[in-house]
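Residues per chain are reported as follows:
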Amino acid sequence: LVEQSIEPRVVLRVDVQSGRATPIANGTSLAAASALQAALGASLHGGPPSLRVRLPHGKQAFLGLAHLNRLLGGKSALRIYYHVFYLFAARPPFELLAIGRPFMFPSEIAL
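(A) A look at the overall build of the protein chain. A tally of regular secondary structure across the protein chain gives one helix and seven strands. In the protein chain, the succession of α and β elements from N to C terminus is β-β-β-α-β-β-β-β. In terms of principal-axis extent, the alpha carbons of the protein chain reach across some 45 × 40 × 25 Å. Per-residue burial over the protein chain gives 30% buried out of 111 residues.

Shown next as structure tokens:
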């Protein structure tokens with residue numbers, strides 16, 4: 001399975017033999033994710049593979065790390081990345097359950 005889009009939600013099943021990708025879940029939305037994208041003026045993009053996690057009461061979900069980026073103008077444009085953890089259901093339609101606060105990893109680049 002592949003996450004094509006985090007918000008709006010699009011999950012694809014990929015046939016590795018043919019290379020065909022078929023949507024198996026799409027359109028589910030989380031208001032907090034939409035609001036984050038609107039506030040930063042950027043789209044959420046996937047990152048490393050998500051990890052399956054156990055939740056209380058025997059439930060399971062996936063924990064992902066997404067990023068958003070903004071291009072700062074000027075003579076030499078600089079792309080600034082924000083990261084955010086998100087949780088989504090372990091079964092179709094793989095809806096978003098929660099999203100964390102954006103953060104930045106430290107950088108050696110002087111702004």
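(B) Spotlight on the sheet that holds strand S3 (residues 21-26). Taken together, three strands build an open sheet; the order of strands is S1-S2-S3 and the sheet is antiparallel. The outermost strands of the open sheet, each flanked by one partner alone, are strand S1 (2-5) and S3. Across the sheet, the mean angle from the axis of one strand to that of its neighbour is 35°, orientation sign disregarded. Bridging between S1 and strand S2 (residues 10-14) involves three bridges; their strand directions are antiparallel.

(C) Region of the structure containing the sheet that holds strand S5 (residues 60-72). Read from one edge of the open sheet, four strands run S4-S5-S6-S7, paired in antiparallel fashion. Two strands in the sheet have a free side with no partner beyond their single neighbour: strand S4 (51-54) and strand S7 (96-99). If you compare each strand with its neighbour and ignore which way they point, the axes differ by 40° on average. As judged from the three bridges shared by strand S6 (residues 78-89) and S7, these two strands associate in the antiparallel manner. Among the inter-strand pairings, Leu-87 is bridged to a residue of S7, identified as Ala-98.

(D) The arrangement of a nonpolar patch on the surface in detail. Side chains of Val-2, Val-14 and Val-16 sit close together on the surface and give an oily, nonpolar patch of about 250 Å² of accessible area. Structurally, Val-14 can be placed in strand S2.

(E) A look at the environment of Gly-41. Following the sequence through the fold, Gly-41 ends up in the loop between helix H1 (31-40) and S4. Classification of Gly-41 by relative accessible area gives exposed; the value is 69%. Spatially, the C-alpha atoms of Gly-41 and Tyr-86 are 18 Å apart, while their sequence positions differ by 45 residues.

(F) Expanded view of the packing of aromatic side chains. Per the stated rule, a full pass over the model turns up four aromatic pairs. Plain terms: the ring middles of Tyr-86 and Phe-88 are 5.8 Å apart, the flat faces sit at 20° to each other, and that makes the pair stacked. Judged by relative accessible area, Tyr-86 falls into the buried class, the value being 3%. Here Phe-103 and Phe-105 contribute two aromatic rings whose centre-to-centre distance is 5.3 Å and whose plane-to-plane angle is 85°, an arrangement assigned as edge-to-face. In this structure Phe-103 comes out as partly exposed when scored by relative accessible area, which is 25%. Members of the aromatic cluster, each reached through a chain of ring pairs, are Phe-62, Tyr-86 and Phe-88. Between the NZ or CZ atom of Arg-9 and the centre of the ring of Phe-88, over which it lies, the distance is 4.5 Å.

Conventions and cut-offs
Along each chain, residue indices are assigned from 1 in the same order as the chain's sequence is written. Under the rules for a predicted model, residues below a pLDDT of 70 receive no local features and side-chain atom pairs below 80 are neither given nor counted, while totals for whole chains, interfaces and linings still include all residues. Heavy atoms throughout the structure, all of them, feed into the side-chain values; hydrogens and water do not. Runs of H or I in DSSP of at least four residues are treated as helices and runs of E of at least two as strands, each being numbered from the N terminus. Note on classification: 1.4 Å probe, protein chains only; a residue is buried when its accessible area is under 20% of the maximum for its type, exposed when over 50%, partly exposed between these limits. Here, a strand pair is defined by DSSP locating no fewer than two bridges between the strands. To get an axis, a line is fitted to the C-alpha atoms, and for a helix only the part in contact is used. The angle between two axes follows their N-to-C directions and goes from 0 to 180 degrees. A patch is a set of surface residues, each over 30% in relative accessible area and not in a salt bridge, joined within 9 Å for like charges and within 5 Å for the nonpolar side chains Val, Leu, Ile, Met, Phe, Trp and Tyr. In these tables, accessible area is a Shrake-Rupley quantity obtained with a 1.4 Å probe, and a residue counts as shielded only by the protein chains included in the view. Throughout this description, the term salt bridge denotes a Lys or Arg side-chain nitrogen within 4 Å of a carboxyl oxygen of Asp or Glu. In this analysis, rings of Phe, Tyr and Trp, with Trp reduced to its six-membered ring, are considered paired at centre separations within 6.5 Å, and the interplanar angle assigns stacked below 30 degrees, edge-to-face beyond 60, and tilted for intermediate values. By the criterion adopted, a ring carries a charge over it if an Arg CZ or a Lys NZ lies within 6 Å of its centre and within 35 degrees of its normal.

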